Amino acid sequence: MTDKNNPQRSSFNRRDLLRSACRGTAALAFLGAAGQSLRAARRGKSHGRNIVFVLSDDHRYDFMGFMQDSPAFLETPNMDRMARQGAHLANAFVSTSLCSPSRASILTGQYMHHHRIADNQRPEPEGTVFFPQHLQRQGYQTAFIGKWHMGHDHDAPRPGFDHWVSFKGQGAYFDPTLNINNTRRRFEGYTTDILTDQALAWLKDGRDTDKPFFLYLSFKAVHYPFQPAERYQGLYGKEMVKRPETMANTERNYQTQPHWVRERRYSIHGVDHMETGQYDNDPVPSFDELYKQYCETVRGLDENLGRVLKYLDETGLSKSTLVVYMGDNGFELGEHGFYDKRDAFEESIRVPMLAYAPGMIEPGTKVTEMVQNIDIAPTLLAAAGVQPPEAADPSTALGTGMDGQSFLPLLCGQSVRWRDHILYEYYWEWNFPATPTTFAIRSDRYKYIFYHGVWDHDGFYDLQTDPHERHNLINVPAYNEKIETMKKQLFDELEASGALDIPVRRPLGERLDQRKNRR
């Protein structure tokens, strides 16, 4: 019973209840597979939390209304609510900033060099284990709805999902054809709305309500070309766009940067490629138009996230459900002259991440530790009371273990030992040759970036004094010792994990290698 006359006592009781909910969830995972199987057999089902995981495409970490650096006109009331009533993971990163490798890392808990999905052209290797398969064995009913995007050629159901709704490759923003459990059906309308319709239909009528559920809702939005729903087209048309400081083609911005950074301005992913002339026949709009369309597409994404939250709240399911929202990678909108991802600059590797679980997560929780996409699988398994597999084995061609760790205790406000740095990897792509193979290590303050296969210098940045990464300190003698220490740590960890055998892929798909001439 709440002590209304003693607010401190009431607050204490609430915190105790939240901690108890988290301890109960963690205990399920601690029991291990044997204990879980025994209990499941006795009770006929798992008693872990329901889970809804919502993934967007190319949504940058700072384009949410509550973020200080978000465009002043951008409205994301549902993401704002998740942060206010749940948790904001303020330092969330990906281990590879590219759609297919990042999505594979989410589903396997592994770095790219372990799951071996290195580009967007090819499907996952046969035998790849996805974490929903572990949930199925624990009695969960699972559904995948939306963009899969590991390879372009087929949309067939993948292991780990009882219900399947997807499309080939990138799909389309309007009037999609969906593969629903191996039956294709064409829909009219906006794809983000339609995928949410499919998700809500499964939650309402398509699942066994006696079983816990896992829903993986994967949006196409906000991938380029940015196409908002008709109701939001032109919503921000009259707004002023504030261009980033590092966008200008000036000596100040490029004096210390690697040469490839400036050259990328003229590639398919550079702002000087989009500023098209009358003879270029280039479909890319002006930068301001691109920026506003991106924001309008985010607005529709947020609206549909809100539809899912509303249903969970109205049915009472939110009391037993963990909702996690994140982007598959970041996206530069003018920074360093780019509009893309792939590189190791902050706007590319940082992603939005929010969690909502009434009764388990204290409202207004802010997690400042560095978490990554490889942590999603072990975290969601822990929420379900499932012990994650052991760490991935570098001696095997296709390990089944996980490189990430559960951040569930951080969501619950618990103090646990955590990493003090993250690793990043990206392999050069034949299809988009402007960005070199990249390895990076990032701590709370410093970032060291190693570029492979290009005649250029590396990167070293002080994120505290230079958050926009304008000034590359790689050749400043005062930092030599720090640079060498971080380089050694990076390669020690990559080598120990089996990450230094860089694969060479057969050319496949379209090659977009034309560069604009400097004007």
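Residues numbered from 1 in each chain as written. Predicted model: local features only at pLDDT ≥ 70, side-chain atom pairs only at ≥ 80, totals over all residues. Heavy atoms only, no water.

Q: Hey, could you go over the overall build of the chain for me, with residue numbers and the actual values?
A: When its secondary structure is counted, the chain shows 15 helices and 16 strands. When burial is assessed residue by residue, the chain has 58% of its 519 residues classed as buried. (Helix = DSSP H or I, 4+ residues; strand = E, 2+ residues; numbered from the N terminus. Buried < 20%, exposed > 50% of the residue type's maximum accessible area, 1.4 Å probe, protein only.)

Q: Can you break down the packing of helix α3 (residues 77-85) against helix α11 (residues 287-315) residue by residue, with the values?
A: Close contact between α3 and α11 brings their axes to 7 Å; oriented N to C, the two are set at 50°. Comparing their axes, α11 and α3 come out oblique. Contacts from Pro77, Asn78, Met79, Arg81 and Met82 of α3 reach α11 at Arg299, Leu301, Asp302, Glu303, Leu305, Gly306, Leu309, Lys310 and Asp313. Here the residues of the contact of α3 with α11 sort into six nonpolar, two polar and six charged. (Axes fitted to C-alpha atoms, helices over the stretch in contact; angles between N-to-C directions. Parallel < 35°, antiparallel > 145°, perpendicular 65-115°, else oblique. Contact = heavy atoms within 4.5 Å. Nonpolar A, V, L, I, M, F, W, Y, C, P; charged D, E, K, R; others polar.)

Q: How would you sum up unusual backbone geometry? Please name residues and give values.
A: Most peptide bonds adopt trans geometry, and most residues besides glycine take a negative phi value. The residue after alanine 221, namely valine 222, is reached through a cis peptide bond having omega 10°. Omega for the bond connecting tyrosine 224 with proline 225 falls within 30 degrees of zero, at -5°, which places this linkage in the cis form. Checked against the element boundaries, proline 225 lands in the loop between β8 (213-218) and α8 (251-254). One non-glycine residue, histidine 149, adopts positive backbone phi at about 55°. Among the secondary structure elements, histidine 149 is positioned in the loop between β4 (141-146) and β5 (163-166).

Q: Quick one: what's the story with the sheet that holds strand β15 (residues 446-452), residue by residue and with numbers?
A: The strand order β13-β14-β15-β16 describes an open sheet built from four strands, whose pairing is antiparallel. This sheet does not close on itself; its edge strands, each paired only once, are β13 (421-426) and β16 (459-462). Each strand of the sheet is rotated relative to its neighbour by a mean of 10°, with strand direction disregarded. Inspection of the sheet shows β13 paired to strand β14 (residues 437-443) by six bridges, in the antiparallel sense. Looking across to β14, one finds that leucine 423 is bridged to isoleucine 441. Strands in contact with helix α15 (residues 480-496) are β13, β14, β15 and β16; relative to β15, the strand with the most contacts, it is inclined by about 60°. (Pairing = 2+ DSSP bridges.)

Q: Report on the packing of aromatic side chains, specifying residues and quantitative values.
A: Taken as a whole and judged by the stated rule, the model has 32 aromatic pairs. Ring geometry for phenylalanine 214 against tyrosine 216: centres 6.2 Å apart, planes inclined by 90°, an arrangement best described as edge-to-face. Accessibility classification places phenylalanine 214 together with tyrosine 216 in one group, the buried group. Taken together, a centroid distance of 6.1 Å and an interplanar angle of 15° make the contact between tryptophan 260 and phenylalanine 338 stacked. (Phe/Tyr/Trp six-rings, centres within 6.5 Å; stacked < 30°, edge-to-face > 60°.)

Q: Help me get a handle on the sheet that holds strand β1 (residues 50-56), residues and values and all.
A: The mixed open sheet is built from 10 strands, whose spatial order is β7-β6-β5-β4-β8-β1-β9-β10-β2-β11. Strands with a single pairing partner mark the edges of an open sheet, and in this sheet they are β7 (183-186) and β11 (365-367). With direction set aside, neighbouring strand axes in the sheet form an average angle of 15°. Both β4 and β8 contribute to a ladder of six bridges, which runs parallel. When the sheet's bridge partners are listed, glutamine 141 is paired in β8 with phenylalanine 213. This element, helix α13 (residues 376-383), spans β1, β8, β9 (321-327) and β10 (353-356) of the sheet and lies at about 170° to β9.

Q: Hey, could you go over the pairing of β1 for me, with residue numbers and the actual values?
A: When you tally the buried positions in β1, you get seven out of seven residues, the bulk of the element. Burial along β1 is two-sided: the face carrying Asn50, Val52, Val54 and Ser56 and the face carrying Ile51, Phe53 and Leu55 are both buried. Where β1 lies against β9, seven bridges are found, and the strand directions are parallel. Considered in β9, the bridge of serine 56 is made with glycine 327. For β1 and β8, the ladder comprises five bridges, and the chain directions are parallel. For leucine 55, the partnering residue across the bridge sits in β8 and is serine 218.

Q: Give me the side chain of arginine 60: which residues, what numbers.
A: Mapped onto the elements, arginine 60 comes out in the loop between β1 and α3. On the basis of relative accessibility, which here comes to 3%, the residue arginine 60 falls in the buried class. Leave out the neighbours within four places in its chain, and arginine 60 touches Tyr294, Gly330, Phe331, Glu332, Leu333, Glu335, Glu347 and Pro352.

Q: Tell me about the environment of glutamine 133, and please be specific about residues and values.
A: Structurally, glutamine 133 is set in helix α6 (residues 131-137). For the pair formed by glutamine 133 and leucine 107, sequence separation is 26 residues and the distance between their alpha carbons is 10.0 Å. When near neighbours in sequence (up to four residues on either side) are disregarded, glutamine 133 contacts Thr128, Pro159 and Gly160.

Q: Break down the pattern of salt bridges for me, with residues and values.
A: A side chain with one charge can pair with a side chain of the opposite charge if their charged atoms come near. Under the counting rule described, the total for this entry stands at 35 salt bridges. The residue aspartate 57 makes a salt bridge to lysine 147 at a minimum N-O spacing of 2.4 Å. Of the two residues, aspartate 57 is situated in the loop between β1 and α3 and lysine 147 in the loop between β4 and β5; the sequence distance between them amounts to 90 residues. Glutamate 263 serves as the salt-bridge partner of arginine 515, at 3.8 Å between the closest nitrogen and oxygen. One end of the pair, arginine 515, is in the segment after α15; the other, glutamate 263, is in helix α9 (residues 259-263), and 252 residues separate them in sequence. Given a relative accessible area of 58%, arginine 515 falls into the exposed group. When salt bridges with common partners are traced through the structure, they connect Arg264, Asp340, Arg342, Asp343 and Glu429 into a single cluster. (Salt bridge = Lys/Arg side-chain N within 4 Å of Asp/Glu carboxyl O.)

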